[in-house]
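# Examining the three-dimensional arrangement
Residues per chain are reported as follows:
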Amino acid sequence: MPRPTNTEVMDRLHAVMHGLRRHLQQALREDADGLGPMEARCLNYFAHHDGHTQSDLVQHAGRDKAQIARLVKSLHERGLLLSRPDPADGRVLRVSPTPAGLALHRRLQQHRARFEKTLTAGLSAQERSTLLALLDRLEGNLPSG
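Throughout what follows, the structure given in this document is the object of discussion. As the structure is a prediction and not an experimental result, all values here were calculated from the model. Per chain, residue numbering runs from 1 following the sequence as it is written. Under the rules for a predicted model, residues below a pLDDT of 70 receive no local features and side-chain atom pairs below 80 are neither given nor counted, while totals for whole chains, interfaces and linings still include all residues. Excluding hydrogens and water, the side-chain values take into account all heavy atoms of the structure.

## With respect to the overall build of the protein chain
- Comment: elements are numbered from the N terminus, with helices defined as DSSP H or I runs of at least four residues and strands as E runs of at least two. In terms of regular secondary structure, the protein chain is built from 6 helices and 2 strands.
- Going from N to C terminus, the protein chain has its helices and strands arranged as α-α-α-α-β-β-α-α.
- For the C-alpha atoms alone, the extent of the protein chain along its principal axes is close to 65 × 35 × 25 Å.
- Classification of residues uses two cut-offs on accessible area relative to the type maximum, computed with a 1.4 Å probe and protein chains only: under 20% is buried, over 50% is exposed, and between them is partly exposed. Counting all 145 residues of the protein chain, 24% fall into the buried class.
- We call two residues in contact when some of their heavy atoms are within 4.5 Å. Within the protein chain, residue pairs in contact and separated by at least 24 positions form 55% of the contacts whose partners lie at least 6 positions apart.
- Of the roughly 10,500 Å² of accessible surface on the protein chain, 55% is carried by carbon and sulfur atoms.
- Counting rule for charge: Lys and Arg are taken as positive, Asp and Glu as negative, and neither His nor the chain ends is counted. By convention, the charge on Lys lies at NZ, on Arg at CZ, on Asp at CG and on Glu at CD. Averaged over its 21 positive side-chain charges, the protein chain has a centre that lies 2 Å from the centre of its 16 negative ones. Here the open area of atoms and residues is found with the Shrake-Rupley method and a 1.4 Å probe, where only the protein chains shown may cover a residue.

## Points about the pattern of salt bridges
- By definition here, a salt bridge exists when the distance from a side-chain nitrogen of Lys or Arg to a carboxyl oxygen of Asp or Glu is within 4 Å. The tally for this structure, following the rule as stated, stands at 7 salt bridges.
- The salt bridge involving R78 is made with E39; its shortest N-O contact spans 3.9 Å. Taken together, the positions of R78 in the loop between helix 4 (65-77) and strand 1 (81-85) and E39 in helix 2 (residues 37-48) put the pair 39 residues apart, joining distant regions of the chain.
- According to the relative accessible area criterion, R78 is partly exposed, its value standing at 35%.

## Notes on the side chain of H105
- Secondary-structure assignment places H105 in helix 5 (residues 99-119).
- H105 sits in the buried class, given a relative accessible area of 11%.
- Those residues within four positions of H105 in sequence are excluded, and the remaining contacts are L43, N44, A47 and H48.

## Some words on the packing of helix 2 against helix 5
- The N-to-C vectors of helix 2 and helix 5 enclose an angle of 105°; their axes lie 10 Å apart at closest approach. With respect to helix 5, the element helix 2 is oriented roughly perpendicular. For the pair formed by helix 2 and helix 5, the contact residues are A40, L43, N44, A47 and H48 on the first element and G101, L102, L104, H105, L108 and Q109 on the second.
- In this classification, the charged set is Asp, Glu, Lys and Arg, the nonpolar set is Ala, Val, Leu, Ile, Met, Phe, Trp, Tyr, Cys and Pro, and all remaining amino acids, among them Gly, are polar. Classifying every residue of the contact of helix 2 with helix 5 gives 6 nonpolar, 5 polar and no charged. All axes are obtained by fitting lines to C-alpha atoms, using only the stretch in contact for helices, and the reported angles, taken between N-to-C directions, cover 0 to 180 degrees. Just so you know how the angles are binned, under 35 degrees is roughly parallel, over 145 roughly antiparallel, 65 to 115 roughly perpendicular, and the rest oblique.

## Quick look at the packing of aromatic side chains
- Only Phe, Tyr and Trp rings take part, Trp by its six-membered ring, and two of them pair if their centres are within 6.5 Å. Stacked means planes under 30 degrees apart, edge-to-face means over 60, and tilted covers everything else. Under the defined criterion, the tally for this structure stands at 1 aromatic pair.
- When the centroid spacing of 5.1 Å and the interplanar angle of 85° are considered together, the rings of Y45 and F46 count as edge-to-face. Per residue, the accessibility class of Y45 equals that of F46, and both read buried.

Set out below in C-alpha coordinates:
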(Lines give C-alpha, C1' and ligand atoms only; values in the text may rest on other atoms or scores of the structure.)
Protein backbone atom coordinates (compact mmCIF):
# COMPACT_ATOMS: atom_id res chain seq x y z
CA MET A 1 0.00 0.00 0.00
CA PRO A 2 1.46 3.39 -0.95
CA ARG A 3 2.48 5.69 1.85
CA PRO A 4 0.12 8.67 2.27
CA THR A 5 1.41 12.07 1.21
CA ASN A 6 1.59 14.99 3.62
CA THR A 7 -1.53 16.52 2.08
CA GLU A 8 -3.69 13.45 1.56
CA VAL A 9 -6.19 14.44 4.27
CA MET A 10 -6.44 17.96 2.86
CA ASP A 11 -6.85 16.59 -0.67
CA ARG A 12 -9.66 14.26 0.39
CA LEU A 13 -11.44 16.94 2.43
CA HIS A 14 -11.17 19.30 -0.52
CA ALA A 15 -12.66 16.70 -2.87
CA VAL A 16 -15.60 16.10 -0.52
CA MET A 17 -16.18 19.84 -0.01
CA HIS A 18 -15.98 20.46 -3.76
CA GLY A 19 -18.56 17.73 -4.36
CA LEU A 20 -20.83 19.17 -1.68
CA ARG A 21 -20.47 22.69 -3.06
CA ARG A 22 -21.22 21.48 -6.59
CA HIS A 23 -24.31 19.61 -5.37
CA LEU A 24 -25.60 22.58 -3.36
CA GLN A 25 -25.03 25.00 -6.22
CA GLN A 26 -27.03 22.69 -8.49
CA ALA A 27 -29.79 22.58 -5.87
CA LEU A 28 -29.80 26.39 -5.72
CA ARG A 29 -30.10 26.60 -9.50
CA GLU A 30 -32.97 24.09 -9.53
CA ASP A 31 -34.92 24.99 -6.42
CA ALA A 32 -34.05 28.41 -5.03
CA ASP A 33 -35.33 30.94 -7.55
CA GLY A 34 -31.92 32.49 -8.18
CA LEU A 35 -30.73 32.57 -4.58
CA GLY A 36 -26.93 32.81 -4.44
CA PRO A 37 -24.69 30.61 -2.27
CA MET A 38 -23.98 33.38 0.25
CA GLU A 39 -27.68 34.25 0.46
CA ALA A 40 -28.43 30.57 1.12
CA ARG A 41 -25.83 30.52 3.91
CA CYS A 42 -27.32 33.67 5.41
CA LEU A 43 -30.83 32.20 5.31
CA ASN A 44 -29.50 28.97 6.82
CA TYR A 45 -27.89 30.89 9.68
CA PHE A 46 -31.10 32.71 10.62
CA ALA A 47 -33.19 29.56 10.19
CA HIS A 48 -30.95 27.93 12.81
CA HIS A 49 -30.49 31.09 14.93
CA ASP A 50 -33.89 32.75 14.83
CA GLY A 51 -33.83 36.20 16.39
CA HIS A 52 -30.08 36.71 16.18
CA THR A 53 -28.67 39.93 14.75
CA GLN A 54 -26.64 40.81 11.69
CA SER A 55 -23.72 41.41 14.07
CA ASP A 56 -24.08 37.83 15.34
CA LEU A 57 -23.80 36.58 11.75
CA VAL A 58 -20.78 38.82 11.09
CA GLN A 59 -19.04 37.29 14.10
CA HIS A 60 -20.10 33.74 13.20
CA ALA A 61 -19.15 33.95 9.54
CA GLY A 62 -16.11 36.18 9.83
CA ARG A 63 -17.46 38.27 6.94
CA ASP A 64 -17.51 42.00 6.39
CA LYS A 65 -20.39 43.93 8.02
CA ALA A 66 -21.29 45.57 4.71
CA GLN A 67 -21.43 42.21 2.92
CA ILE A 68 -23.74 40.78 5.59
CA ALA A 69 -25.92 43.90 5.45
CA ARG A 70 -26.29 43.50 1.65
CA LEU A 71 -27.18 39.80 2.02
CA VAL A 72 -29.79 40.48 4.70
CA LYS A 73 -31.24 43.36 2.66
CA SER A 74 -31.51 41.13 -0.40
CA LEU A 75 -33.27 38.41 1.60
CA HIS A 76 -35.61 41.03 3.09
CA GLU A 77 -36.47 42.27 -0.39
CA ARG A 78 -37.21 38.70 -1.51
CA GLY A 79 -39.54 38.22 1.44
CA LEU A 80 -37.36 35.53 3.03
CA LEU A 81 -36.26 37.41 6.17
CA LEU A 82 -37.83 40.00 8.43
CA SER A 83 -36.39 42.15 11.21
CA ARG A 84 -37.97 43.42 14.37
CA PRO A 85 -36.60 45.73 17.08
CA ASP A 86 -35.17 44.10 20.18
CA PRO A 87 -37.59 44.78 23.07
CA ALA A 88 -34.68 45.58 25.42
CA ASP A 89 -32.81 47.84 22.97
CA GLY A 90 -34.80 49.27 20.05
CA ARG A 91 -31.58 50.12 18.20
CA VAL A 92 -30.88 46.40 17.71
CA LEU A 93 -32.78 44.47 15.05
CA ARG A 94 -33.55 40.79 15.53
CA VAL A 95 -33.68 38.82 12.26
CA SER A 96 -35.98 35.87 11.57
CA PRO A 97 -36.94 33.88 8.50
CA THR A 98 -40.43 34.43 7.11
CA PRO A 99 -42.69 31.45 6.38
CA ALA A 100 -41.48 31.63 2.75
CA GLY A 101 -37.87 31.70 4.00
CA LEU A 102 -38.46 28.66 6.20
CA ALA A 103 -40.11 26.79 3.31
CA LEU A 104 -37.14 27.50 1.04
CA HIS A 105 -34.73 26.54 3.81
CA ARG A 106 -36.55 23.20 4.27
CA ARG A 107 -36.27 22.46 0.54
CA LEU A 108 -32.56 23.20 0.58
CA GLN A 109 -32.10 21.08 3.71
CA GLN A 110 -33.78 18.19 1.87
CA HIS A 111 -31.15 18.49 -0.86
CA ARG A 112 -28.41 18.41 1.78
CA ALA A 113 -29.96 15.37 3.49
CA ARG A 114 -30.19 13.46 0.20
CA PHE A 115 -26.57 14.30 -0.60
CA GLU A 116 -25.44 13.20 2.87
CA LYS A 117 -27.30 9.92 2.44
CA THR A 118 -25.56 9.36 -0.89
CA LEU A 119 -22.20 10.39 0.52
CA THR A 120 -22.42 8.08 3.54
CA ALA A 121 -24.01 5.11 1.75
CA GLY A 122 -22.32 1.93 2.84
CA LEU A 123 -21.12 3.31 6.17
CA SER A 124 -22.28 1.45 9.24
CA ALA A 125 -23.74 3.37 12.17
CA GLN A 126 -20.44 2.89 14.00
CA GLU A 127 -18.40 4.18 11.03
CA ARG A 128 -20.68 7.18 10.73
CA SER A 129 -20.29 7.89 14.45
CA THR A 130 -16.51 7.57 14.15
CA LEU A 131 -16.49 9.88 11.12
CA LEU A 132 -18.48 12.52 13.02
CA ALA A 133 -16.15 12.25 16.02
CA LEU A 134 -13.09 12.65 13.79
CA LEU A 135 -14.62 15.63 11.99
CA ASP A 136 -15.39 17.21 15.37
CA ARG A 137 -11.74 16.81 16.32
CA LEU A 138 -10.59 18.32 13.03
CA GLU A 139 -12.98 21.23 13.49
CA GLY A 140 -11.65 21.73 17.02
CA ASN A 141 -8.13 22.00 15.61
CA LEU A 142 -9.06 24.86 13.29
CA PRO A 143 -7.29 28.08 14.16
CA SER A 144 -9.67 30.77 15.37
CA GLY A 145 -10.01 33.99 13.45
